[in-house]
Amino acid sequence: MLKLCIIFSALCLLTIGCYVMFKSDLSDLGVIPVVATNPETASEFRSLFAGSFIAYAYLLIRFAYSYKPISIALSIAYIMSCIAFGRLVSFLYEGFNFFGLFVFLGEIFLVIVLILAHRKRKNEISYY
């Protein structure tokens, strides 16, 4: 029953995240009580809100079907990767701006650093 509730929640998050990320006009989101009237707000909403929801859905589904633990660094890297993907989608819908590019490069840098830290820690031998 718990697994079913987790999967249902993940599917809800995935549906909302994909709906917001790929909807061309964010000025009317229907049941979601947020209005993004300018391109900057729409860009942030598309990348942060939708990207986070998609990442959380992935992590919930992975949690429901996997018994291997996932590191905190890798979890954050997944979340930041989905947010960076949302930023790319926002470049297509809202247009390119330098603030978005700066933030996108920071997100990619953080993902790379977190993956490298995860691999380094995974390869260390524990002597305890």
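Predicted model only: the values in this text are computed from it and were never measured.

Participant: Kindly report on the packing of helix 3 (residues 72-94) against helix 4 (residues 98-123), identifying the contributing residues and their values.
Facilitator: At a minimum axis distance of 9 Å, the contact between helix 3 and helix 4 shows a crossing angle of 155 degrees. Taken together, the axes of helix 3 and helix 4 lie roughly antiparallel to each other. Regarding helix 3 and helix 4, the two cross each other, and that crossing is left-handed. In contact with Ala 73, Leu 74, Ile 76, Ala 77, Met 80, Ser 81, Ile 83, Ala 84, Arg 87, Leu 88 and Phe 91 of helix 3, helix 4 contributes Gly 100, Leu 101, Val 103, Phe 104, Glu 107, Ile 108, Leu 110, Val 111, Leu 114, Ile 115 and His 118. Residues belonging to the contact of helix 3 with helix 4 are distributed by class as follows: 17 nonpolar, three polar and two charged.

Participant: Provide a residue-level description of the environment of Leu 101, including the pertinent values.
Facilitator: When you line up the elements, Leu 101 lands in helix 4. Owing to a relative accessible area of 27%, Leu 101 belongs among the partly exposed residues under this scheme. Measuring from C-alpha to C-alpha, the distance between Leu 101 and Arg 87 comes to 8.6 Å, with 14 residues separating the pair along the chain. Residues within four places of Leu 101 in sequence aside, it is in contact with Phe 91 and Phe 96.

Participant: Can you explain the packing of aromatic side chains? Please cite residues and give values.
Facilitator: Counted according to the given criterion, the structure contains seven aromatic pairs. Taking the centre distance of 4.3 Å and the plane angle of 35 degrees together, the rings of Phe 49 and Phe 53 count as tilted. In this pair, Phe 49 and Phe 53 are both assigned in helix 2 (residues 39-65), four residues apart and thus about one turn of the helix distant. Ring pairs connect the aromatic residues Phe 91, Phe 96, Phe 98 and Phe 104, which therefore count as one cluster.

Participant: An account of the layout of surface pockets is requested, with residue identities and associated values reported.
Facilitator: Of the voids in this model, the largest pocket is the one considered here, and its volume is about 150 Å³. Every residue along the wall of the largest pocket is listed here: Arg 62, Lys 68, Pro 69, Ile 70, Ser 71, Leu 74, His 118 and Lys 122. For the lining of the largest pocket, the class distribution of residues is three nonpolar, two polar and three charged.

Participant: Describe the pattern of salt bridges, naming the residues involved and giving the relevant values.
Facilitator: Per the counting criterion, the structure on display carries three salt bridges. The shortest N-O distance in the salt bridge between Glu 94 and Arg 46 comes to 2.7 Å. Taken as a pair, Glu 94 in helix 3 and Arg 46 in helix 2 lie far apart in primary sequence, 48 residues in all. A single burial state applies to Glu 94 and to Arg 46, both of which are buried. Across the pair Arg 87 and Glu 107 runs a salt bridge, and its minimum N-O distance is 3.1 Å.

Participant: Explain helix 3 to me, using residue names and the numbers behind them.
Facilitator: With 23 residues, helix 3 extends 32 Å between its outermost C-alpha atoms, agreeing within 8% with the 33 Å of an ideal straight helix rising 1.5 Å per residue. Positive backbone phi, at 100 degrees, marks Gly 95, one or two positions downstream of helix 3.

Analysis parameters
Residues numbered from 1 in each chain as written. Predicted model: local features only at pLDDT ≥ 70, side-chain atom pairs only at ≥ 80, totals over all residues. Heavy atoms only, no water. Axes fitted to C-alpha atoms, helices over the stretch in contact; angles between N-to-C directions. Helix = DSSP H or I, 4+ residues; strand = E, 2+ residues; numbered from the N terminus. Parallel < 35°, antiparallel > 145°, perpendicular 65-115°, else oblique. Left-handed = near helix turned anticlockwise from the far one by under 90°. Contact = heavy atoms within 4.5 Å. Nonpolar A, V, L, I, M, F, W, Y, C, P; charged D, E, K, R; others polar. Buried < 20%, exposed > 50% of the residue type's maximum accessible area, 1.4 Å probe, protein only. Phe/Tyr/Trp six-rings, centres within 6.5 Å; stacked < 30°, edge-to-face > 60°. 1 Å grid on protein atoms, 1.4 Å probe; cavity = no way out; pocket = protein on both sides within 12 Å on 5 of 7 lines; lining within 4 Å. Points joined across faces, edges and corners; volume = space filled by probe spheres on them. Salt bridge = Lys/Arg side-chain N within 4 Å of Asp/Glu carboxyl O. Expected span 1.5 Å × (residues − 1).

No statement about biological role is implied by the geometric values presented.
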